[in-house]
Amino acid sequence: MSKALVFAAYGGPETQEFVERPAPAPGPGELAIEVKAAGVNPADWKIRAGQMGSHWPLPAPMGREASGVVTAVGAEVENFAVGDMVLGLAAKGQGTFAKHTVLDAAQTVQKPEELSFADAAALPVAGATAYDVTHQIELEPGQTMLILGAGGGVGLMAAQIGNVHKFTVIGVASAAKQELVESTGATFVASGEGAAGRVRAIAPEGVDVLIDLVGGQALRDLAVVAKDPSVIISTADPTTVQQLGGVAVVRTREGLEKITGVAQYGLVDPQVTDRYSLDRAAEAVAMVEAGHTAGKVIIEP
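Residues numbered from 1 in each chain as written. Predicted model: local features only at pLDDT ≥ 70, side-chain atom pairs only at ≥ 80, totals over all residues. Heavy atoms only, no water.

Going by the annotation in an unreviewed UniProt entry, the name recorded for the chain is NADP-dependent oxidoreductase, with Leucobacter triazinivorans given as the source organism.

Focus: the sheet that holds strand β4 (residues 60–61)
The strand order across the open sheet formed by three strands is β2-β1-β4, and the pairing between neighbours is antiparallel. In this open sheet, the two edge strands, each paired with only one partner strand, are β2 (16–21) and β4. Two strands pair when backbone bridges link them, and strand β1 (residues 2–7) and β4 are joined in this way by two bridges, in the antiparallel orientation. By the bridge assignment, V6 is partnered in β4 with P61. (Pairing = 2+ DSSP bridges. Helix = DSSP H or I, 4+ residues; strand = E, 2+ residues; numbered from the N terminus.)

Let's talk about the side chain of T129
Examined against the element boundaries, T129 turns out to sit in helix α3 (residues 123–135). Under the relative-accessibility criterion, T129 is labelled buried at 7%. T129 has contacts with V154, T235 and R251, leaving out every residue within four places of it along the chain. (Buried < 20%, exposed > 50% of the residue type's maximum accessible area, 1.4 Å probe, protein only. Contact = heavy atoms within 4.5 Å.)

Considering the environment of V73
Summarising the element assignment, V73 is placed in strand β5 (residues 65–73). Judged by its relative accessible area of 31%, V73 is partly exposed. Sequence-wise, V73 and A23 are 50 residues apart; in three dimensions their C-alpha atoms are separated by 14 Å. With residues up to four places along the chain from it excluded, the contact list for V73 reads P26, E30, L31, F80, A81 and V82.

Regarding the pattern of salt bridges
Per the stated rule, a full pass over the model turns up eight salt bridges. A salt bridge links D132 to R251; its shortest N-O distance comes to 3.1 Å. Of this pair, D132 sits in helix α3 while R251 is found in the loop between β13 (247–248) and α9 (254–264), placing the two residues 119 residues apart along the sequence. (Salt bridge = Lys/Arg side-chain N within 4 Å of Asp/Glu carboxyl O.)

What to know about the UniProt feature "domain: Enoyl reductase (ER)" (unreviewed entry) in the chain
The sites that UniProt annotates as "domain: Enoyl reductase (ER)" (unreviewed entry) are residues 11–299. Helix makes up 29% of residues 11–299 and strand 27%, and the two end C-alpha atoms of the span are 22 Å apart. (UniProt positions renumbered as here; feature names shortened; annotations may be inferred.)

A closer look at the domain arrangement of the chain
Split into domains, the chain comes out as domain 1 (2–123 + 270–299) and domain 2 (127–248). Just the C-alpha atoms count here: the centres of domain 1 and domain 2 sit 28 Å apart. With nine residues of domain 1 at the contact, the number on the domain 2 side is eleven residues. Both faces combined, the contact of domain 1 with domain 2 buries some 720 Å², and carbon together with sulfur accounts for 55% of it. At the boundary of domain 1 with domain 2, the tally comes to zero salt bridges. (Domains from an automatic or database assignment. Buried area = accessible area lost by both parts, 1.4 Å probe.)

Concerning the pairing of β1
Within β1, six of the six residues are buried, which leaves it mostly tucked inside the rest of the structure. Side chains of β1 alternate between two faces, with S2, A4 and V6 and K3, L5 and F7 buried alike. Here β1 pairs with β2 via six bridges, running antiparallel. Pairing of L5 across the sheet is with F18, part of β2.

Quick look at the packing of α3 against α9
The contact between α3 and α9 brings their axes to 8 Å, and the two run at 95°. Relative to α9, α3 is oriented roughly perpendicular. For the pair formed by α3 and α9, the contact residues are L123, P124, G127, A128, Y131 and D132 on the first element and G255, L256, K258, I259, T260 and A263 on the second. Broken down by class, the residue content of the contact of α3 with α9 amounts to seven nonpolar, three polar and two charged. (Axes fitted to C-alpha atoms, helices over the stretch in contact; angles between N-to-C directions. Parallel < 35°, antiparallel > 145°, perpendicular 65-115°, else oblique. Nonpolar A, V, L, I, M, F, W, Y, C, P; charged D, E, K, R; others polar.)

Side note on the side chain of Q94
On the secondary structure map, Q94 appears in the loop between β6 (85–90) and β7 (100–110). If we ignore the near neighbours within four places in the chain, the residues touching Q94 are R21, P24, P61, G63, R64, T101 and V102.

Remarks on the nonpolar core
Counting residues in each nonpolar core, the largest one holds 36 residues, and the members touching the most others are L123, M145, I147, V181, I211, L256 and I259. Looking at this core, the elements with two or more residues in it are α3, β8 (144–148), α4 (153–164), β9 (168–173), α5 (178–182), β11 (209–212) and α9. There are two domains that each give this core at least three residues, and those are domain 1 (2–123 + 270–299) and domain 2 (127–248). If sequence neighbours within four positions are ignored, I211 has contacts with V133, T134, M145, L146, I147, L148 and I233. (Core = buried A, V, L, I, M, F, W, Y, C linked by side-chain atoms within 4.5 Å.)

A word on the packing of α3 against α4
As a packed pair, α3 and α4 sit with axes 8 Å apart at the nearest point and diverge in direction by 45°. Here α4 runs oblique to α3, going by the angle between their axes. For the crossing formed where α3 meets α4, the hand is right-handed. Across the interface between the two elements, L123, A126, G127, T129, A130, Y131, T134 and H135 of α3 pack against G153, V154, M157, A158 and I161 of α4. (Left-handed = near helix turned anticlockwise from the far one by under 90°.)

Printed below as a string of structure tokens:
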């Protein structure tokens, strides 16, 4: 039997519970793994809360990304074998806050020896998103990249990618995350009222790209510092960014492979700051839901 965290109804944390089940078997195009680490993301609680639609059959497993060891290979899968160390996204209907799960082989890559399982588990969602959003608009070295929400898992990796490309990176985050944001080479700006003015003081002519990881009013307030509305890209609020004249992030299949290679050579650090056992998975989700995380939260079964 295998343990997994699920939510039995759409709503708050009280709907979450552990279940015992047989280890899931892979279907065509899928890989079964023993989970070594799983990343926690805002999408995990937003799905449970019904903020991303209510089409998940209940009880629904939680968690979208994981690293682990392949235990079975489904039909039509090539280039993977039992015993391989991998990282990837959960297959449809599966969750990663579990001892065993099933990954989508098309969104899974081999884990380099240089990466720990914990760091690898931070890449399929946050890392791949950071790669895609920082490469959607082509910048030249020295041009300015503003990141709204720079203190989370995606933001910290996006800032590091910007630093690798020698962009001028400005990171907006809460005061508690200043040291972490500055560790990426970014210039820190405190979030909240007056943030746009503080950015203007650093970049008086405006920014060449605005990467939004927060959405809502915070995005509206900072949109004025973009040189042109078309250079605003959001991972968090496609409706608002389109109203402002910007675009939503475009996800690619290459993003995960690319960011894994970048991390393998030590050019970015996934910034895993908190680790929880599977028994404490609910605490890990609550920490991310409260918005108090700095860096990446990982669950290790």
